[in-house]
Protein chains: 2
Amino acid sequence: MNKINRKVEYALIGLKHMRGKPPGELTTVKELTLHYGCPFEMTSRVMQNLAQKGVLRSEQGAYGGYQITKDLNRISFYDLMAMILGPMAVAKCMHSSELESACEIRETCNIVSPVQTLSRRLAEFYRDLTVAELLDGRGGSTGKNLKSSVVAEASMMAEPT
Amino acid sequence: MNKINRKVEYALIGLKHMRGKPPGELTTVKELTLHYGCPFEMTSRVMQNLAQKGVLRSEQGAYGGYQITKDLNRISFYDLMAMILGPMAVAKCMHSSELESACEIRETCNIVSPVQTLSRRLAEFYRDLTVAELLDGRGGSTGKNLKSSVVAEASMMAEPT
DNA sequence: TTAAATACGTCTATTTTAGTCGTAGATAGA
DNA sequence: TCTATCTACGACTAAAATAGACGTATTTAA
Ligand code: SF4
Ligand code: SF4
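Residues numbered from 1 in each chain as written. Chains lettered and ligands numbered in written order. Predicted model: local features only at pLDDT ≥ 70, side-chain atom pairs only at ≥ 80, totals over all residues. Heavy atoms only, no water.

**Here we look at the protein's contact with DNA strand D**
Then, number 1: R45, S58, Q60 and Y66 of chain A together with Q60 of chain B are the nearest of the 27 residues found near DNA strand D.
Then, number 2: Backbone atoms, meaning sugar and phosphate, make up 67% of the atoms of DNA strand D lying within 4 Å of the protein.
Then, number 3: A distance of 2.9 Å separates a phosphate oxygen of DNA strand D from a polar side-chain atom of Q52 of chain A.
Then, number 4: With respect to DNA strand D, the side chain of Y10 of chain B contributes an N or O atom lying 2.8 Å from a phosphate oxygen.
Then, number 5: Looking at the surface near DNA strand D, the elements that each hand over two or more residues are α2 (29–36), α3 (40–52), β1 (56–59) and β2 (65–68) of chain A together with α1 (6–19) and α3 (40–52) of chain B.
Then, number 6: A class-by-class count of the residues in the surface near DNA strand D yields nine nonpolar, 10 polar and eight charged. (Near = heavy atom within 4 Å. Polar contact = N/O pair within 3.5 Å; in protein donor to acceptor, adjacent residues only side chain to side chain. Helix = DSSP H or I, 4+ residues; strand = E, 2+ residues; numbered from the N terminus. Nonpolar A, V, L, I, M, F, W, Y, C, P; charged D, E, K, R; others polar.)

Okay, structure coming up:
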């Protein structure tokens, strides 16, 4: 459950790879597929997305490739996901302005407010986490959780049978 | 993206419904399907899961039904999801003890550590959020985000084209 | 004895995600 | 100018996860 999207992983792989390079040096998609075994077309598409959003600069033609142009400290993980997957919608009844794609239960639903709460807080969480923070690995713990021992009780449980 | 699981929604619907009742009064699945239009079999299964985990008490036979037995303040949203969906695995390479279901990229992957970081922090987030807190709607904001204006910059963007 | 409920294994349909194919366009260098 | 090598992108197919249905057994109050 709650699996991270594969495209987003490829984005992280690419960004991590490019970060370790001297400034100005380009990276081709082929290079990424050879190093990490990620599928060419998909990775290519992801890089194109990031280029469109201004995170990368693309250079076409022979000896072309991609290059990071934006400070990864200024890009939240939320942004990264949104660039690749579009805006986050935690449930069917959100962002569905009109009738289209709305939830068939919505009229009688008693948890719209809770779900909106969840959506808000989850977005907050993702926006608060920068891509640089993630890639640099200094994400041990928020330290915020010293008070949560009250909740930990029921946490050990197996898969539903 | 990041859509909440439907079964979990049905669980919340059921719990919210039962919370509004006088103690001792039972709730049938049929009652839930009539009130909220959620599918009978699925909702039934979800309630069975919650009963097995001790959140609900089930009474069989005619005039049977379900009843909340555990303090929802002591159940994290993480727990609720885990009861219904099993343990959270943010990526293929996690919790896959042996060769089975492991990521085909794992040997060369350069982002295992970042992904583990994400996993840890996300679990922390979900464990820190109680079901009661969610259902009662007092989940405005964590107030923790006053420092995140630096990140908000790139947040307005449309779907990938 | 019966009606109404939970319990649960298995199956099918739908939706989402992952990955491929084919082609067009840019550019450095021979 | 021609070619190798790259990005750009629309459309398509395959695989996996999610959502839901069916069938049947068991429990229990009336
Ligand atoms: S169930 Fe309620 S909350 Fe979930 S999508 Fe439908 S309406 Fe929104
Ligand atoms: S890509 Fe890297 S992080 Fe993601 S699953 Fe495979 S190994 Fe784990």
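**Observations concerning the site of ligand 1**
Then, number 1: As a structural note, the neighbourhood of ligand 1 is formed by A91, K92, C93, C103, R106, C109, I111, V112 and V115 of chain A together with R6 and E9 of chain B.
Then, number 2: Around ligand 1, the neighbouring residues derive from chains A and B rather than from a single chain.
Then, number 3: Mapped by element, the contributors of at least two residues to the shell around ligand 1 are α5 (112–127) of chain A together with α1 of chain B.
Then, number 4: Of the residues assigned to the shell around ligand 1, the class counts are seven nonpolar, no polar and four charged.

**Points about the packing of helix α1 (residues 6–19) of chain A against α3 of chain A**
Residue and element names in this part refer to chain A.
Then, number 1: Across the interface, α1 lies against α3 with an axial gap of 9 Å and an inter-helix angle of 70 degrees. The orientation of α1 relative to α3 falls into the category roughly perpendicular. Counting all contacts with α1, which are made through K7, Y10, A11, G14, L15 and M18, the residues of α3 involved are M42, T43, V46, M47 and L50.
Then, number 2: A per-class count over the contact of α1 with α3 returns eight nonpolar, two polar and one charged. (Axes fitted to C-alpha atoms, helices over the stretch in contact; angles between N-to-C directions. Parallel < 35°, antiparallel > 145°, perpendicular 65-115°, else oblique. Contact = heavy atoms within 4.5 Å.)

**Details of the protein's contact with DNA strand C**
Then, number 1: The immediate surroundings of DNA strand C are formed by 26 residues, with Q60 of chain A together with R45, S58, Q60 and Y66 of chain B found nearest.
Then, number 2: The share of sugar and phosphate among atoms of DNA strand C within 4 Å of the protein is 64%.
Then, number 3: At a separation of 2.4 Å, a base oxygen of DNA strand C approaches a polar side-chain atom of R45 of chain B.
Then, number 4: Interatomic distance of 2.6 Å between a side-chain N/O atom of S58 of chain B and a phosphate oxygen of DNA strand C.

**Overview of the packing of aromatic side chains**
Then, number 1: Applying the stated criterion across every chain yields a total of five aromatic pairs over all chains.
Then, number 2: Seen from their ring centres, F77 of chain A and Y126 of chain A are 5.8 Å apart, and the 50 degrees between their planes marks the pair as tilted. Here the residue F77 of chain A occupies a position in helix α4 (residues 77–85), and Y126 of chain A occupies one in helix α5, the gap between them amounting to 49 residues.
Then, number 3: Their ring planes at 35 degrees and their centres at 5.3 Å tell us that F125 of chain A and F125 of chain B sit as a pair that is tilted. Pair noted here: F125 of chain A is in helix α5 and F125 of chain B is in helix α5 (residues 112–127), and the two residues belong to different chains. Across the pair, F125 of chain B and F125 of chain A agree in class, each one buried.
Then, number 4: One aromatic cluster in this structure is built from F77, F125 and Y126 of chain A together with F77, F125 and Y126 of chain B.
Then, number 5: The ring centre of Y78 of chain A lies 4.1 Å from the NZ or CZ of R127 of chain A, which sits over that ring. (Phe/Tyr/Trp six-rings, centres within 6.5 Å; stacked < 30°, edge-to-face > 60°. Buried < 20%, exposed > 50% of the residue type's maximum accessible area, 1.4 Å probe, protein only. Lys NZ or Arg CZ within 6 Å of the ring centre and 35° of its normal.)

**Structural notes on the nonpolar core**
Then, number 1: In terms of nonpolar packing, the biggest core is built from 95 residues, with F77, L80 and Y126 of chain A together with F77, L80 and Y126 of chain B touching the most fellow members.
Then, number 2: Ignoring sequence-local partners within four residues, the contact set of L80 of chain B consists of V8, A11, L12, L15, L50, I75 and V131 of chain B. (Core = buried A, V, L, I, M, F, W, Y, C linked by side-chain atoms within 4.5 Å.)

**Points about the site of ligand 2**
Then, number 1: Taken together, R6 and E9 of chain A together with A91, K92, C93, C103, R106, C109, I111, V112 and V115 of chain B make up all the residues around ligand 2.
Then, number 2: In this structure, ligand 2 is bordered by residues of chains A and B.
Then, number 3: If you list the elements that add at least two residues to the shell around ligand 2, you get α1 of chain A together with α5 of chain B.
Then, number 4: Partitioned by chemical class, the residues of the shell around ligand 2 number seven nonpolar, no polar and four charged.

**A closer look at the domain arrangement of chain A**
Residue and element names in this part refer to chain A.
Then, number 1: Segmentation of chain A into domains returns domain 1 (1–70) and domain 2 (72–141).
Then, number 2: Distance from the C-alpha centre of domain 1 to the C-alpha centre of domain 2: 23 Å.
Then, number 3: Listed as interface residues are 16 residues of domain 1 and, on the opposing side, 13 residues of domain 2.
Then, number 4: Here domain 1 packs against domain 2, burying approximately 1400 Å² in sum over the two surfaces, 78% of which is carbon and sulfur.
Then, number 5: When the area that domain 1 buries against domain 2 is broken down by residue, the three leading residues are V8, L12 and R19, summing to 35%.
Then, number 6: Our count for the domain 1 to domain 2 interface comes out at one salt bridge.
Then, number 7: Note that R19 is salt-bridged to D136, the shortest N-O span being 2.7 Å.
Then, number 8: Scanning the region where domain 1 abuts domain 2 turns up three residue pairs in polar contact (both at pLDDT 80 or more).
Then, number 9: Elements supplying a minimum of two residues to the side of domain 1 that touches domain 2: α1 and α3. (Domains from an automatic or database assignment. Buried area = accessible area lost by both parts, 1.4 Å probe. Salt bridge = Lys/Arg side-chain N within 4 Å of Asp/Glu carboxyl O.)

**Re the pattern of salt bridges**
Residues and elements named next belong to chain A.
Then, number 1: The full count for this structure, using the stated rule, is 16 salt bridges over all chains.
Then, number 2: Ionic pairing is found between K21 and E31, a salt bridge with its closest N-O pair at 2.7 Å. Placement of K21 in the loop between α1 and α2 and of E31 in helix α2 is noted, with a sequence separation of 10 residues between them.
Then, number 3: According to the relative accessible area criterion, K21 is buried, its value standing at 17%.

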